Amino acid sequence: MAQKLKKKSTRLTGRIVIPGNPSYNTARMEFNRRFSKFPRVIVFCQRTQDVINAVKWARERGIRLRVRSGRHSYEGFSTVNGGIIIDVSEMNKVKVDRKNRVAIVQTGNPLARVYKKLWNKRVTIPAGTAPDVGVAGLTLGGGIGLLSRKYGLTCDNLKQVKMVVASGRYGAKTIVANRKKHSDLLWASQGGGGGNFGVATEYTFRVRPISSVSIYSITWKWSDLEKVFPAWQRWAPSVTNRLTSTIEVAAKQVGTIVSTGQLLGGAEELRRLIRPLLRTGTPVKVMVKTVPFIEATKFFAESDLNLEPKFKITGAYGFQPLPPEGVRIIRDFLSKAPNRHSNVWSQSLGGTGSAVSRVSPTATTYPHRKAETIYELSARWRNNREQERNIQWVERFRRALRPFVKGDYVNFPDLQIKNWPKAYYGENFGRLKQVKRKYDPHNVFRFAQSIPVGKQVKK
Ligand SMILES: Cc1cc2nc3c(=O)[nH]c(=O)nc-3n(C[C@H](O)[C@H](O)[C@H](O)COP(=O)(O)OP(=O)(O)OC[C@H]3O[C@@H](n4cnc5c(N)ncnc54)[C@H](O)[C@@H]3O)c2cc1C
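Residues numbered from 1 in each chain as written. Predicted model: local features only at pLDDT ≥ 70, side-chain atom pairs only at ≥ 80, totals over all residues. Heavy atoms only, no water.

> Teacher, can you tell me more about the site of the ligand here?
Taken together, 34 residues surround the ligand, and among them Val67, Ser69, Ser78, Gly134 and Tyr409 come closest. Between the ligand and Thr129, the relevant distance is 2.9 Å, taken from an oxygen atom to a main-chain nitrogen or oxygen of the residue. One nitrogen or oxygen atom from the main chain of Gly134 is found 2.8 Å from an oxygen atom belonging to the ligand. Mapped by element, the contributors of at least two residues to the shell around the ligand are β3 (65-68), α4 (135-141) and β10 (199-206). Ranked by residue count, the leading element in the shell around the ligand is α4, at four residues. Here the residues of the shell around the ligand are counted per class, giving 16 nonpolar, 15 polar and three charged. (Near = heavy atom within 4 Å. Polar contact = N/O pair within 3.5 Å; in protein donor to acceptor, adjacent residues only side chain to side chain. Helix = DSSP H or I, 4+ residues; strand = E, 2+ residues; numbered from the N terminus. Nonpolar A, V, L, I, M, F, W, Y, C, P; charged D, E, K, R; others polar.)

> Explain the sheet that holds strand β9 (residues 171-177) here, please?
Backbone hydrogen bonds are what pair the strands of a sheet, in a parallel or an antiparallel way. Read across the sheet, five strands follow the order β5-β6-β10-β8-β9 without closing on themselves; strand pairing throughout is antiparallel. Each end of this open sheet is capped by a strand with a single partner; those strands are β5 (94-97) and β9. Taken pair by pair, the neighbouring strands of this sheet meet at an average axis angle of 15 degrees, ignoring direction. Here helix α2 (residues 48-61) sits on the sheet in contact with β8 (158-167), β9 and β10, set at roughly 135 degrees to β9. (Pairing = 2+ DSSP bridges. Axes fitted to C-alpha atoms, helices over the stretch in contact; angles between N-to-C directions. Contact = heavy atoms within 4.5 Å.)

> What's the story with the UniProt feature "domain: FAD-binding PCMH-type" (unreviewed entry) in the chain in this structure? I'm lost.
If you check UniProt for "domain: FAD-binding PCMH-type" (unreviewed entry), the listed places come out as residues 35-210 in our numbering. The span residues 35-210 is 23% helical and 28% strand by assignment, and the distance between its end C-alpha atoms comes to 38 Å. (UniProt positions renumbered as here; feature names shortened; annotations may be inferred.)

> Explain helix α13 (residues 387-401) here, please?
Note that an α-helix has 3.6 residues per turn; residues three or four places apart therefore point the same way. With 15 residues, α13 extends 22 Å from end C-alpha to end C-alpha; this agrees with the ideal 21 Å at 1.5 Å per step. Among all positions in α13, only Gln387, Asn390, Ile391, Trp393, Val394, Glu395, Phe397, Arg398 and Leu401 are buried. Along its buried surface, α13 packs onto β16 (310-318), α11 (324-335), β17 (343-348) and β18 (373-381). (Expected span 1.5 Å × (residues − 1). Buried < 20%, exposed > 50% of the residue type's maximum accessible area, 1.4 Å probe, protein only.)

> Explanation requested: the domain arrangement of the chain in the structure shown.
Buried accessible area, meaning the area lost when the parts come together, often serves as the stated size of an interface. You can read the domains of the chain as domain 1 (15-87), domain 2 (94-209 + 426-439) and domain 3 (212-404). Using C-alpha coordinates to define each centre, domain 1 is positioned 21 Å away from domain 2. At the interface, 11 residues of domain 1 touch 18 residues of domain 2. The three residues of domain 1 that bury the most area against domain 2 are Arg59, Ser69 and His72, which together make up 42% of that side's buried surface. Seen at the junction of domain 1 and domain 2, the total is zero salt bridges. Linking domain 1 to domain 2 there are five residue pairs in polar contact (both at pLDDT 80 or more). (Domains from an automatic or database assignment. Buried area = accessible area lost by both parts, 1.4 Å probe. Salt bridge = Lys/Arg side-chain N within 4 Å of Asp/Glu carboxyl O.)

> Would you explain empty space enclosed by the protein in this entry?
Going through the model one piece at a time under the given rule, you end up with two cavities of 30 Å³ or more. Lining the largest cavity are Tyr115, Ala127, Gly128, Thr129, Leu146, Leu147, Gln262, Phe293, Thr297 and Phe300. Considering every element that reaches the lining of the largest cavity, the biggest residue donor is helix α10 (residues 293-301), with three residues. Looking at side-chain class alone, the lining of the largest cavity contains six nonpolar, four polar and no charged residues. Looking at which domains feed residues into the lining of the largest cavity, each of domain 2 (94-209 + 426-439) and domain 3 (212-404) gives three or more. Taken as a whole, the second largest cavity encloses approximately 50 Å³ of empty space. If you go around the second largest cavity, the residues you meet are Leu140, Met163, Ala188, Ser189, Gly193, Gly194, Gly195, Asn196, Phe197 and Gly198. Taken together, the residues of the lining of the second largest cavity break down into four nonpolar, six polar and no charged. (1 Å grid on protein atoms, 1.4 Å probe; cavity = no way out; pocket = protein on both sides within 12 Å on 5 of 7 lines; lining within 4 Å. Points joined across faces, edges and corners; volume = space filled by probe spheres on them.)

> Sorry, what's going on with unusual backbone geometry here?
Excluding glycine, residues mostly have negative phi values, and the peptide bonds linking residues are mostly trans. Backbone geometry at Arg122 places phi at a positive 55 degrees, although glycine is not the residue there. Here Arg122 is to be found in the loop between α3 (111-119) and β7 (123-124). Positive phi, close to 50 degrees, is recorded for His182, a residue that is not glycine. Structurally, His182 can be placed in the loop between β9 and α6 (183-188).

> Looking at this structure, I do not really get the nonpolar core. What am I missing?
Soluble globular proteins tend to pack their nonpolar side chains together in the buried interior. Membership of the largest hydrophobic core comes to 56 residues, with the highest contact counts inside it found for Leu118, Val161, Leu185, Phe197, Tyr203, Val213 and Tyr425. Excluding residues that lie within four positions of it along the chain, Phe197 makes contacts with Met163, Val165, Leu185, Ala188, Leu432, Val435, Lys436, Tyr439, Asp440, Phe445 and Ile451. (Core = buried A, V, L, I, M, F, W, Y, C linked by side-chain atoms within 4.5 Å.)

> Teacher, can you tell me more about the pattern of salt bridges here?
For side chains bearing opposite charge, pairing can occur when the charged atoms are close. Tallying each qualifying case throughout the model produces 21 salt bridges. For Asp156, the salt bridge goes to Arg369, with nearest N and O atoms at 2.8 Å. In this pair, Asp156 sits in the loop between α5 (148-151) and β8 while Arg369 sits in the loop between α12 (355-358) and β18, placing the two residues 213 residues apart along the sequence. Residues Lys162 and Glu202 are paired through a salt bridge, measuring 3.5 Å at the closest nitrogen-oxygen approach. Note that Lys162 is positioned in strand β8 and Glu202 in strand β10, a separation of 40 residues in sequence. For Lys162, a relative accessible area of 27% corresponds to the partly exposed category. Judged by relative accessible area, Glu202 falls into the buried class, the value being 18%.

Written as structure tokens, this is what we have:
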């Protein structure tokens, strides 16, 4: 439909990168190199006014926009061909008010920087593991990590968000959403997913005092899979909520199973707590130690470094341990993995006293409160000719495991999921659409799996 556009009066401000600039190629890339798009302009915003100008600029010209922080979207939702990327990564201030237990965090911060700045004041937030993941996308979709069972999701600790939203036919403005004002937008920002309502510029988090923690790592041989995976699944949700743990089963050609975890407590207690795992199969390597919390964040970050540049990942939630048939499916797929970079990873979320499960499924937009664990099925590769085989493998694996798992995490988006509104949002989808109609009636913020304004959802 032909659209009458307003006089193009707004100018872009901030650091502007366009095709032909020496930094264009670096500036346009996503973390997942499977996507290689060519935006018309990338604006690195330094102030909120730069964000407002960018939204207005795009609207006045009818140009598609995408919002970007850490660039870690699994499906490349933070980039666009021919449009404008509004990048907040240079808005990265962090201010801690230890007395009132809050931190004001601009949304351009990667997690490593958030952890570091908060650690300087000996506080933290429960957040994810990868150092370069943006606090922006992580929080808006939920945010799971090694403190989740004790302190909840990152979004559960979000008290306030400042967001630039579209206003009128061509404008943009900042609004502040908290429990008192625009509480519906705060709710939608607690698991509703990034890129749906506006550009978040600043978060206010509740922070928790932190000093040292204890961490463990146990390695088994692949032949212990049928013993170790079910044992971890029974154990991980049943231990104290001060302990959150993971398990990663590598492709058969790598031949390892590794479980790691973090306890808010001492090494002696941790050694005692992991006994059921140590008695399972034949552990070939065991590490238990107490470290300053900031060292623990680096330890858990290691598994996300030096990965193959292209990937396809899908997720799922476990509401009970997999039956033997489910474990057999994992064995079968990892026996025929496309290469050594494929794996299955799982993390404990719910169970005994878990702060994630204590929240009602409708209190925030994140509905998967009763899940005991979350899974990721991953394939990674380097050369384009390997791509199709890897993507197909993940999709076949996803389908095979479906009878035993439920729902999907919006921060692990997958374009193959047909009924994604239900999978990501469950019963919260209806209310999310109302929030969308209220704050973005012209559907300025849209992408392949964005919350729709009308009734239609592209499935
Ligand atoms: C290696 C790796 C490790 C990961 N580890 C974890 C983990 O431990 N825990 C966990 O929960 N998740 C994890 N994730 C998933 C991660 O939470 C999501 O990929 C998240 O969306 C990334 O946010 P981002 O800002 O880095 O990405 P981007 O690609 O910049 O953004 C992701 C989405 O949010 C939107 N968005 C970005 N900035 C803003 C903003 N300022 N305002 C509004 N919308 C915005 C984008 O438009 C896009 O739709 C991991 C991902 C990867 C690739």
